[in-house]
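Chain by chain, the residues:
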Amino acid sequence: MKRFTKMEYDNPDEMVFGFAKHPVKTKYDIEIGAGYVNPIIKVAPKEGSEKSMESMVAECKNIAISACQRALNIGLPSFIIEQEHIAQQTANPEWAGACTQAQVEVLEKFHDEYGIKVALKATPADIRDEEKGSDYRTSQQYQNVMESVEQCCENGASIICIETTGGKSVSDYGISRGDPRAILFGIGVLGSIDMEFMWEEIVKICNKHNVIPGGDTNCSQSNTAMFLAGGLLDKDCSHTLAAIARGIGAGNSLVAVECGAKGPLKDCGYENPIVKAISGVPIATEGKNAVCAHSDLMGNLIAGICDCWSNESVYHREEMGGTTPEVWLQATGFEASLMNTAIQTGEEKTLRDLYTLTDKYRDPQALILAYDNAYRIGQAIVEHGEDPYQRSIAAALEVGAIIQEAVDSKKMQLTRFEQDSLDSAMRTFRKLPEDSAKFIKRSVRRYGRKVEDFDPKNYEL
Amino acid sequence: MNEEFGIAIDIGTSGIRAQSYDLNTNKTISTAITLRHPLPGANVVDHLHFALEIGVDEAHTLLMRAINKVISNLDIENIRKIAVCGNPIQLSLFNNIEIRDLAFWGENALKEQNITPPSRKSKVIKSSEIGLDAGDDVDVYIPPAIKHEIGADALAMLYKSDALNKNEDSLIIDFGTNAEMALIVEGEVYTASAAAGPAIEGQTIEKGRLASPNTICDIEKENEYWRMKILDDELFTCDGDLINPKTGEVIEKGVFEAKGITGTGVIAAFSLAIDDGLMNNDKIYLQDDVYLTKDDISNIGKALGAFRAGELTLAESSDIYLDEIDSVYMAGASGFYVDAKKSLKIGQIPPSSAEIYQIGNTSLAMAKDIVLNPKLLDELQEIADNIESNHIMLATSEIFEKIYSLELAMYEQGMPFSTYKQWLLKYGFQDLPPIEENPEIHKLFERDIADSGENPIKTVDISNTMTTQFDNCIYCMECVNNCPENALSLDGEKFNLRSDLCSGLGCLRCVRNCMQNAFKYNQFYEKSDDL
Amino acid sequence: MSYKDLEDKINQEKISVRYNVVAEGAAMKAEDYPEVKEILPTDEPFRKIALEILYEDKINALKDVKKSLDDGVSPIELINNGLMKGIDAVSTLYTKGVYFLPDLMLAGDAMMESVKECEKVLGRKSDTKGTVVCFVAEGDPHDIGKNLILMFLRAGGYEAIDLGRDVPAQRVVEAVKEHNPLFMTGTALMTTTMTAFPKVVEALEEAGLEVPAIGCGGGAVRKDYVETMPMTVYGVEAYHTPKLADAILNDNKNWEDLRKEYSDVVGEFVSEYAS
C-alpha cells in the first residue's frame, strides 16, 4: 500500500464539480469525474420486505424501475442507483447477489432501449459486531460481508462501496464525552487500521471481477459527531469538535483509496472534498437533497467539488409527487443539471464558489469543508502521510487553525462553548506524544478499560 | 478454662476505637469506642498544637487516661498483647516520643529548636513504659510509619486494601481530617497527605459539628425538596424534616430535631447544591435553623479542592490519567459512610472512578491482624521500607500549587468549572475525565468496623473536666455563651472545661470574647490539679 | 469575479445567522473588552508586548522585549508603556471577573521575567514605588498565599523581595537591615507556625528595627492573634497588599492606622474589620 505524501492537485482552484484528476469509466457508457456530474438515487427497501428473499428482490426491482422511468421522464442523460444493503441482504449473500442482479437487469434494459448512461453501485453493510471477543477479522459476519461483495460483483454491479465501522466504539465514547483523544484514536488510528484490513480484501475481489472498487466513508464516526452536534441550538456535541472529527475522518477515508479504491467515494463522507484534494479520485457527496435522511449545515457547500450528487437514503414509499425513488432522483437530477449547465457554459467555477459561499460561515463544520480549506487540511495530512496517527493530529490542528483564523478575522463567531472545546482539543492534541507506538499503547490500555465494546484484538493491537 | 486476650486499638483524630479478641479462637469478643478524642481540638494539628503549647506529657497523660478507660470497658481480663495504629502524631503521643518534628516543616525550625526526628519504625514496648493499664506488663506492638509524614494509618490502608498485591492501578484514600492518599501505578506507590480536614469534618462550617446526636448526617432528594437524615441518640440515621432548601419552608415535619451538620451531611448538601444550582445562593436552608452560608460552601469547596488537587498531583507525578485508575479505595469512617456517588460527583474522588471500594476502618483492622499475628510487624516494616521512595509533599509541589490555585479561583472567585478545565490543559496537565455514571460500589461491610463481636458496641464516655479560676473575671458569661461546643461552664467562681468537647487552640472563642482579657486558656492545664 | 472578490462582497447576515451566538453571545477575546482597549497602547512594539503579557505568553514577550532592546528601544519605555500596560489590563480583567488567579500568576511571571531583561540593559533595578519584603513563617512550607502577594505587589509597582518559605526570624531581620522595606508580609497556614510572628517582632525590636507595618495572614491566622503584638496588621486578602503599601507610602500610615482604617484603605467592605 502506498500512502499519499503529496497532493494530486496543485492548488484548490483546480478543483471543481464534475471533474476529477482520475476519472472512472465503467460499463453502460457512464464516466465519473470526466466532465459531468451524475445524480445518485438511493432508496432503502420498505419495512417488511426483508421477510424473504423473493420479497426483497421484488422490492429492489420496483425501486430500479421507478428510478429509471422518472429519469427518462425528466430527461436525465445519466444517473446511478446505489443499492445500500440492509443487514439482511449482507447477512445472506445469496440475497445480495439476487438483488443486485434484479436491479442490473432493469438498468441494462433501459440503457439498451434509450441509451441512458447508468451504473449500479452496490454497498454491502458492515454487519460485524464490534464487541469484546467478537473476532472482527474472522467471524461469520466478516465472511458474509466479503461473500456479499463477491456476490454483488458476480451479479453485475458496476461499483462496490462500503461503510466500514472500525473504531466506532471508541470514537462514539469520545464524541459523547467530549474526549478528543478518544476521537483521534477511534477514527484516526483504529478506523484506519480496520479500513486497511477490509479494503485489501475488497480490492482483491473487485479486481478479480473487473468491478470498480469505489470507496469508503467515515460516516459511522464523524457523521455520528455531526448528528450529535445537530443544529445551531443543539449542544450535545460542540460544533467545533464535530469539525475536528471530520478533519480526522478525511485521513481515515483516504485509506481505502490508498488500498486501491478508485472512486466515486461514498456519498455520506462529508470529508470527501479533502480526500479528493489529496488523491484526485472522483467523489459522491450529499447535502441539501439529502434532507429526506438527515439535516446538515453545508447543504450547498458540499456540492462544490462533487462528481456525483446523492440523496443519501429514503425509505421506499409514496410521496405526493410519486414514489420516493422518483421524487428524490428528480431532486438530485435537477441539481446535477444545474452543475452540468454551469460546466457547459464555462461558469462551473462561479457556481462552485456560490455553492461554497452560501454555507462557508454558517458553521465551523461547513467552513473546514469549503474547497480552499479542504485543500489546506489535505496538505496537512499528506505532510505526515506515512503515519495515520500523525496525519490525524495534523488534520485536527489544521482544522483548529482554519476555524481560529475565521474567528480572528471576524468572519465567524463562536459561542464560549464552541471556543472552549476547540481550545481544549487543540491543547490536548499539541500535547500528544509524537511517537504513534506510545500513543497507541496508552490508548489501548486506557480505552480497553473504559470502552466496553473495544477489543484491541480486533485491530491486532 | 485458660482464656487469653489480645487488644487492638485505633487512635483516630475524632475518637478511639478498641476491640478485644480471644487469642485461642481469634474471635472478636468486645468493641468499645469513644465519640471524641480526649485532647481539645477537632483536627490533628490542634492536638499537636495543644501538646506543644501545654506540654507533651500532659497530652500523653490525657490520651492514656482515655485509652485505659476504653480498655476497662472491653470487660476482659488476662490481656496478653496489645497492638495500636494511627497517624504519626497520635502514635507519638501514645508512645510519648518527640512530636515537634511533625509540627514544623523545613530545616530551620528543627535546627533552631534542636529537634531530632525520632525513629518511627515498628517496635514492641512494654505497657508499663507508657502507663497503659493492662493488668500485667504486656507487649505493645506499634506498627511503622512509611515515612515521616505518612504514618502507620496510611500503611494500614495499603495493607488492608491489598492493593499492592493486585495487578492493577489503584488509588487509596483514608478520609480523616487529613486525607492520606496513595496511588499505585504499575506496582510503584506514590503517596501524599492533603490537609483538607476541617470543613469536611464540619469544622469551619458555621453550623458544622462532629457526628453526634441531632446532627444532619445525610440529605436525600425527594422531588424538588431535600430530606434531612439525622443521627438519633444512638447514632442511627433517622428521617428529619423535608425542606425547601431555597426558602427553609418545612414541607413535612420529621421526628428529630437538628442542631448541626456533620461532614458527610455537608458533602451531601454540597452535592445537591450543585445539582440544584444553589451554589451561589447566600444561604442554603436545612432543618431547624441549620443552614449553609456562601462562605461555608466556599470552605467546603476548597477542602474538596484539596482532595482533587492532591489526586491530580499524584496522577501527574506518576504519569497516569485519572481515568486509567482501575480501582478507588475509600478508607476511614467518613470514607465509609459517605455516599460514594456523591463523592465522585463533587471531586472527593476522581470523577472517573468506576470501581469503588469502601473498606472502612483499616487502622483497627490492621491492629487486629498484628495482635493475632505479631510476626506481621516485621513484614509491615519490610513493606514500609520498600515504599519509602515516592512521597509528594503537596505544600512544596509546584503541580499542587498550580492546581490548588485553580480550586481557590473557583471557590473564592467563582471561576467557572469549564475555565478550570481549560487551565489544566493550559498548564499542560491532563483534563479531568467525565463523571462515571454507573460506578460499581463495593461496600464490604455493614459498618466501618467489620466485626464488633457478640456484645453490643460500648460507647465510652471519656469526658474529662478541667477546672480553673481567673483573676479579673467579671462573670459576664461571654466565654460560656460563645463556646460553640458547650464545653465550658461556670460552677460558682470556677470554670469547668470539658477537654474532650473543646475545639482547642484552633477555636479560642472563649479567649476572644473575653472583654476583660481575663480568660487564660492554658491555665486550665497549667494550674490544674486534674492532671 | 474571483472567489475572494465574491466572498468580500457578501453581507453574511443576509445569508446565514449563527443563532447560538445570538442567544449566548460570542466568545470575546481579552483585548476586545472596552476597559482593556482603553489601557492597551497603540504604538508598536509596545502594543505587541502588552498583548503578550495580556495573553500570558512569556516566551514571545521575552523574545520581543529582547528584540526591541536590541533595536534600541528605551528599557524604561518598554516597562512603562508595554509591560506595565499589559499587567494593568490583566488586573482590570481580574477585577472584572474575566481573569482569575492563575491568569495573574502566569501574566505576572511573564512580566517579571521581561522586566529583568530590561533591567539588564538599564544596568540597575527599574524604579519602583518602594520595597516590600515577603516571607512564610518558620516551619511552614505553604507558600501559595505568599506567591500571590508577590504577584499583586509587583503588578502594583512595588519591588517585592521574596524570602521564601520556612524563614527564621533572624533572616527576616537581616532582610529588613538590607532593604529597609516600606512594608512587610508574613504568612502561615498552620496554627503551629503562626507563633513565628511574635518571634519576628521580638527579633526586630531587639535589633532596634522597625517597619511601618507587617501584614500577617494565611489559613490559620486570626485577627485577634495578630493584634496581640505590635507592628502587625491582619491581612485578609492577598490583593489587599498593594493597597496597604500605597497607604503607607502616600499617606504615611502605620500599623496602628491600618488596623483602624483597613476597610477604607483597601476600598471595600471587609467583614473581619466590621465591628
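Everything numeric here is computed off the predicted structure, so don't read it as measured data. (Residues numbered from 1 in each chain as written. Chains lettered and ligands numbered in written order. Predicted model: local features only at pLDDT ≥ 70, side-chain atom pairs only at ≥ 80, totals over all residues. Heavy atoms only, no water.)

Engineer: Help me understand the overall build of chain B, please; the structure alone is not making it clear to me.
Structural biologist: For chain B, the count of helices and strands is 18 helices and 24 strands. For chain B, whose C-alpha radius of gyration is 23 Å, the value lies close to the compact-globule estimate of 24 Å for 531 residues. Burial analysis of chain B (531 residues in total) assigns 59% to the buried set. Taking the intrachain contacts of chain B between residues at least 6 apart in sequence as the baseline, contacts between residues at least 24 apart amount to 67%. Carbon together with sulfur atoms contributes 43% to the accessible area of chain B, which is approximately 20,600 Å² in total. Chain B carries 45 positive and 85 negative side-chain charges, and their two centres are separated by 3 Å. (Helix = DSSP H or I, 4+ residues; strand = E, 2+ residues; numbered from the N terminus. Rg over C-alpha atoms; globule rule 2.2 N^0.38 Å. Buried < 20%, exposed > 50% of the residue type's maximum accessible area, 1.4 Å probe, protein only. Contact = heavy atoms within 4.5 Å. Areas by Shrake-Rupley, 256 points an atom, 1.4 Å probe, with all protein chains shown as cover. Lys, Arg positive; Asp, Glu negative; His and termini not counted. Charge placed at Lys NZ, Arg CZ, Asp CG, Glu CD.)

Engineer: Would you explain the overall build of chain A in this entry?
Structural biologist: Across its full length, chain A holds 16 helices and 11 strands. With respect to the principal axes defined by its C-alpha atoms, chain A has extents near 60 × 50 × 40 Å. Split into buried and exposed, the 461 residues of chain A put 67% on the buried side. Restricting to contacts in chain A with at least 6 residues of sequence separation, those with at least 24 account for 74%. For chain A, the accessible area works out to roughly 15,500 Å², and carbon and sulfur atoms hold 49% of it. Side chains of chain A carry 49 positive and 67 negative charges; the gap between the two charge centres is 6 Å.

Engineer: For this particular structure, what's the right way to read the sheet that holds strand β13 (residues 250–252) of chain B?
Structural biologist: Paired through their backbone hydrogen bonds, the strands of a sheet run either parallel or antiparallel. Residue and element names in this part refer to chain B. Sheet architecture is open: five strands sit in the order β13-β12-β11-β10-β14, paired in mixed fashion. Edge positions in the sheet fall to β13 and β14 (260–261), since each of these pairs with one other strand and no more. Inspection of the sheet shows strand β10 (residues 215–222) paired to strand β11 (residues 225–231) by six bridges, in the antiparallel sense. When the sheet's bridge partners are listed, E220 is paired in β11 with R227. Each of β10, β11 and β14 is contacted by helix α8 (residues 263–275), which is oriented at about 25 degrees to β10, the strand it contacts most. (Pairing = 2+ DSSP bridges. Axes fitted to C-alpha atoms, helices over the stretch in contact; angles between N-to-C directions.)

Engineer: Where do I start with the interface of chain B and chain C in this structure?
Structural biologist: It is common to give the size of an interface as the accessible area lost on bringing the parts into contact. Across the contact, 37 residues belong to chain B and 28 residues belong to chain C. Between chain B and chain C lies a buried interface of about 2,600 Å² when both sides are counted; carbon and sulfur atoms form 61% of it. Where chain B meets chain C, there are two salt bridges. Notably, a salt bridge pairs B:R512 with C:D224, separated by 3.7 Å at the nearest N-O pair. Viewed at the interface, chain C and chain B are joined by two residue pairs in polar contact (both at pLDDT 80 or more). Those elements that provide at least two residues to the side of chain B that touches chain C are α1 (44–54), α5 (107–112), α14 (398–413) and α15 (417–426) of chain B. The element contributing the most residues to the side of chain B that touches chain C is α14(B), with seven residues. (Buried area = accessible area lost by both parts, 1.4 Å probe. Salt bridge = Lys/Arg side-chain N within 4 Å of Asp/Glu carboxyl O. Polar contact = N/O pair within 3.5 Å; in protein donor to acceptor, adjacent residues only side chain to side chain.)

Engineer: So what exactly am I meant to see when it comes to the packing of aromatic side chains here?
Structural biologist: How two aromatic rings sit relative to each other is set out by the distance from centre to centre and by the angle between their planes. All chains considered together, the criterion is met by 31 aromatic pairs over all chains. Over the ring of A:F197 we find A:R137; its NZ or CZ atom is 4.2 Å from the centre of that ring. Positioned above the aromatic ring of C:Y273 is the side chain of C:K223, whose terminal nitrogen or guanidinium carbon lies 4.9 Å from the ring centre. (Phe/Tyr/Trp six-rings, centres within 6.5 Å; stacked < 30°, edge-to-face > 60°. Lys NZ or Arg CZ within 6 Å of the ring centre and 35° of its normal.)

Engineer: Where do I start with the sheet that holds strand β5 (residues 232–234) of chain C in this structure?
Structural biologist: Residue and element names in this part refer to chain C. In space, the five strands of this open sheet follow the order β2-β1-β3-β4-β5, with parallel pairing throughout. Only two strands of the sheet have a single partner each, and these edge strands are β2 (159–162) and β5. Across the sheet, the mean angle separating the axes of adjacent strands is 25 degrees when strand polarity is ignored. Sheet topology places strand β1 (residues 131–136) next to β2; four bridges connect them, and they run parallel. Pairing of V132 across the sheet is with A160, part of β2.

Engineer: Just to check I follow, could you spell out the nonpolar core for this structure?
Structural biologist: Generally speaking, soluble globular proteins have nonpolar side chains that are buried together. Judged by nonpolar contacts, the single largest core of 157 residues is most densely connected at B:W226, B:L286, C:L54 and C:M184. The element that contributes the greatest number of residues to this core is helix α9 (residues 294–317) of chain B, accounting for nine residues. Residues B:L91, B:I125, B:I150 and B:A152 belong to the second largest nonpolar core, which totals 101 residues. (Core = buried A, V, L, I, M, F, W, Y, C linked by side-chain atoms within 4.5 Å.)

Engineer: Explanation requested: α15(B) in the structure shown.
Structural biologist: Helical geometry: 3.6 residues make up each α-helical turn, so side chains three or four residues apart lie on a common side. Turning to α15(B), its buried residues are B:T419, B:Y420, B:Q422, B:W423, B:L424 and B:L425. Those residues of α15(B) that are buried lie in contact with α15 (416–431) of chain A, α9 and α14 of chain B together with α7 (101–122) of chain C. Positive backbone phi, at 85 degrees, marks B:G428, one or two positions downstream of α15(B).

Engineer: Can you help me understand the environment of B:I89 in this one?
Structural biologist: Residues and elements named next belong to chain B. When you line up the elements, I89 lands in helix α3 (residues 88–95). According to the relative accessible area criterion, I89 is buried, its value standing at 10%. I89 sits 13 residues away from L102 along the chain, and the two C-alpha atoms are 7.1 Å apart. Those residues in contact with I89 that lie beyond four places of it in its chain are V44, L48, I99 and L102.

Engineer: Would you mind showing me how to read the pattern of salt bridges here?
Structural biologist: A side chain of one charge can pair with a side chain of the opposite charge when the charged atoms of the two come close. Residues and elements named next belong to chain A. Enumeration over the complete set of coordinates arrives at 91 salt bridges over all chains. A salt bridge links K121 to E82; the nearest nitrogen and oxygen atoms lie 3.4 Å apart. Of this pair, K121 sits in strand β5 (residues 117–123) while E82 is found in strand β4 (residues 78–84), placing the two residues 39 residues apart along the sequence. For the pair K121 and E82, one class covers both residues: buried.

Engineer: I would appreciate a short explanation of the confidence of the model for chain B in the present structure.
Structural biologist: A low pLDDT means the predicted coordinates there should not be read in detail. Residues and elements named next belong to chain B. For chain B, per-residue confidence averages 87 on the pLDDT scale, and residues scoring 70 or more make up 96% of the total. The spread of mean pLDDT over the elements of chain B runs between helix α7 (residues 197–200), the lowest at 55, and strand β6 (residues 139–142), the highest at 96. Scoring the predicted complex yields pTM 0.75 and, for the interface, ipTM 0.86. (pLDDT = per-residue confidence, 0-100.)

Engineer: Teacher, can you tell me more about the domain arrangement of chain B here?
Structural biologist: Residue and element names in this part refer to chain B. When the domains of chain B are assigned, the result is domain 1 (5–150 + 367–372 + 452–458), domain 2 (153–198 + 297–355 + 375–443), domain 3 (208–289) and domain 4 (465–526). A separation of 26 Å is found between the C-alpha centroids of domain 1 and domain 2. Across the contact, 24 residues belong to domain 1 and 25 residues belong to domain 2. Summed over both partners, the interface of domain 1 with domain 2 buries about 1,900 Å², with 65% contributed by carbon and sulfur atoms. It is I146, I150 and D369 that lose the most area in domain 1 upon contact with domain 2, and together they represent 33% of the buried surface on that side. Inspection of the domain 1/domain 2 interface yields two salt bridges. K160 serves as the salt-bridge partner of D369, at 2.7 Å between the closest nitrogen and oxygen. For the interface between domain 1 and domain 2, the tally reads four residue pairs in polar contact (both at pLDDT 80 or more). Those elements giving two or more residues to the side of domain 1 that touches domain 2 turn out to be β4 (79–86), β5 (123–126), β6 and α12 (362–372). Of the residues assigned to the side of domain 1 that touches domain 2, the class counts are 14 nonpolar, five polar and five charged. (Domains from an automatic or database assignment. Nonpolar A, V, L, I, M, F, W, Y, C, P; charged D, E, K, R; others polar.)

Engineer: Help me out: how do you make sense of the packing of helix α6 (residues 180–209) of chain A against helix α16 (residues 436–450) of chain A in this one?
Structural biologist: Angle between the axes and distance between the axes are the two parameters that describe a pair of packed helices. All names here are of chain A. Two elements in contact, α6 and α16, have axes whose closest approach is 11 Å; the angle formed by their N-to-C orientations is 110 degrees. One element, α6, and the other, α16, form an angle in the roughly perpendicular class. Crossing geometry of α6 relative to α16 is assigned as left-handed. Contacts between α6 and α16 pair R181, A182, L184, F185 and V189 from the former with F439, I440, S443, V444, R446 and Y447 from the latter. (Parallel < 35°, antiparallel > 145°, perpendicular 65-115°, else oblique. Left-handed = near helix turned anticlockwise from the far one by under 90°.)

Engineer: Would you take a moment to explain the interface of chain A and chain C for this structure?
Structural biologist: In this complex, chain A contributes 26 residues to the contact, which on the side of chain C involves 21 residues. Each partner contributes to the roughly 2,000 Å² buried at the junction of chain A and chain C, and carbon and sulfur atoms together form 52% of this total. There are seven salt bridges connecting chain A and chain C. A salt bridge links C:D32 to A:K410; the shortest N-O distance between them is 3.6 Å. Our count for the chain A to chain C interface comes out at 15 residue pairs in polar contact (both at pLDDT 80 or more).

Engineer: Can you help me understand the pairing of strand β7 (residues 170–175) of chain B in this one?
Structural biologist: It is a general feature of regular strands that their side chains alternate between the two faces of the sheet. All names here are of chain B. Summarising burial for β7: six of the six residues are buried, a large majority. Across the two faces of β7 the burial is the same, with S170, I172 and D174 and L171, I173 and F175 all buried. Looking at chain direction, β7 and strand β17 (residues 327–331) are connected through five bridges and run parallel. Looking at the pairing, S170 lines up with S327 of β17. Looking at chain direction, β7 and strand β8 (residues 179–185) are connected through six bridges and run antiparallel. In the sheet register, F175 faces β8, and the bridge partner there is A179.

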